[in-house]
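Tertiary structure, described
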Amino acid sequence: MRPTHYLAIAIRIFSILLLLYSVPQFSLLVGVATGGSNHIDLPLAFVFTTTAAPLLAALCFWFFPLKLANLIVKPEIDQPIEAMDVLSILTTVLLAMAVYFLYYAIVDAVYWATLWLIAERSLDPFYLDADNKANMVATALELLFSGLLLLKAKTLARKVLLIAQ
């Protein structure tokens with residue numbers, strides 16, 4: 001197996017997690033569409049988007065994991081794993097960590113976007129206290145850093161190996 005195959009397995013697992021995340025969002029969609037959403041005033045288009053986006057992403061990740069892995073992993077490290085060097089292993093581990101952190105960042109971003117929208121439509125500013133705003137900033141940073149880790153995993157692996165020597 002090659003590093004792209006291992007990353008494709010991680011992408012498939014990521015797609016399963018996104019699919020599982022979209023199930024509770026689907027119940028929110030049904031509640032808003034039928035009017036039984038406990039007086040939460042959310043636009044149907046927003047709830048549909050927060051339900052459909054993870055579902056569509058999960059389907060894309062499930063059906064095209066190797067294509068996505070080939071986009072992420074550069075050809076020079078995608079060699080057969082007869083004798084894989086430390087740099088390739090570390091790069092693959094960093095990419096798997098990036099996918100893991102990206103999943104939680106996406107889930108948190110949808111949560112905070114929903115909470116923000118509820119707070120804007122509510123007369124009670126309870127939802128947007130200082131702790132929640134700090135968590136929103138932390139989620140944005142998590143999205144940024146997981147994206148950077150996906151894009152620069154090999155560079156970071158090289159720097160970590162230089163420090164280790």
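Look up: the structure comes first, before these words.
Residues numbered from 1 in each chain as written. Predicted model: local features only at pLDDT ≥ 70, side-chain atom pairs only at ≥ 80, totals over all residues. Heavy atoms only, no water.

Regarding the overall build of the protein chain
Summing up its helical and strand segments, the protein chain has six helices and zero strands in all. Helices (α) and strands (β) of the protein chain occur, in sequence order from the N terminus, as α-α-α-α-α-α. Across the protein chain, the fraction of contacts at a sequence separation of at least 24, relative to all contacts at a separation of at least 6, is 79%. Just so you have it, the protein chain exposes about 10,300 Å², and 71% of that area is on carbon and sulfur atoms. (Helix = DSSP H or I, 4+ residues; strand = E, 2+ residues; numbered from the N terminus. Contact = heavy atoms within 4.5 Å. Areas by Shrake-Rupley, 256 points an atom, 1.4 Å probe, with all protein chains shown as cover.)

Details of the environment of Leu115
Inspection of the secondary structure puts Leu115 in helix H4 (residues 86–121). Taking C-alpha positions, Leu115 is 10.0 Å from Met136, a pair spaced 21 residues apart along the chain.

Some thoughts on helix H1 (residues 3–34)
Taking 1.5 Å of rise per residue, the 32 residues of H1 would be expected to cover 46 Å, and the 46 Å separating its terminal C-alpha atoms lies within 8% of that figure. The largest bend in H1 comes to about 25°, at Pro24. Once H1 ends, the next one or two residues include Gly35, with phi positive near 90°. (Expected span 1.5 Å × (residues − 1). Bend = angle between axes of the 7 residues up to and from the residue.)

As for the packing of aromatic side chains
Scanning the model with the defined rule gives six aromatic pairs in all. Ring plane angle 65° and centroid distance 5.5 Å describe the contact between Tyr100 and Phe101, whose orientation is recorded as edge-to-face. Note on Tyr100: relative accessible area 47%, which makes it partly exposed. The exposure class assigned to Phe101 is partly exposed, which follows from its relative accessible area of 35%. (Phe/Tyr/Trp six-rings, centres within 6.5 Å; stacked < 30°, edge-to-face > 60°. Buried < 20%, exposed > 50% of the residue type's maximum accessible area, 1.4 Å probe, protein only.)

Observations regarding the environment of Phe64
Mapped onto the fold, Phe64 is located in the loop between helix H2 (44–63) and helix H3 (65–72). Sequence separation between Phe64 and Ala8 is 56 residues; the distance between their C-alpha atoms is 8.5 Å.

Structural notes on the nonpolar core
One finds Leu7, Leu95, Tyr103 and Leu150 to be the most contacted residues of the largest nonpolar core, which totals 23 residues. Contributing elements (two or more residues each) for this core: H1, H4, helix H5 (130–151) and helix H6 (153–164). Top contributing element to this core by residue count: H4, with nine residues. Excluding residues within four positions of it along the chain, Tyr103 makes contact with Phe14, Leu17, Leu18 and Tyr21. (Core = buried A, V, L, I, M, F, W, Y, C linked by side-chain atoms within 4.5 Å.)

Such coordinate-based values are descriptive only and should not be taken to indicate function.
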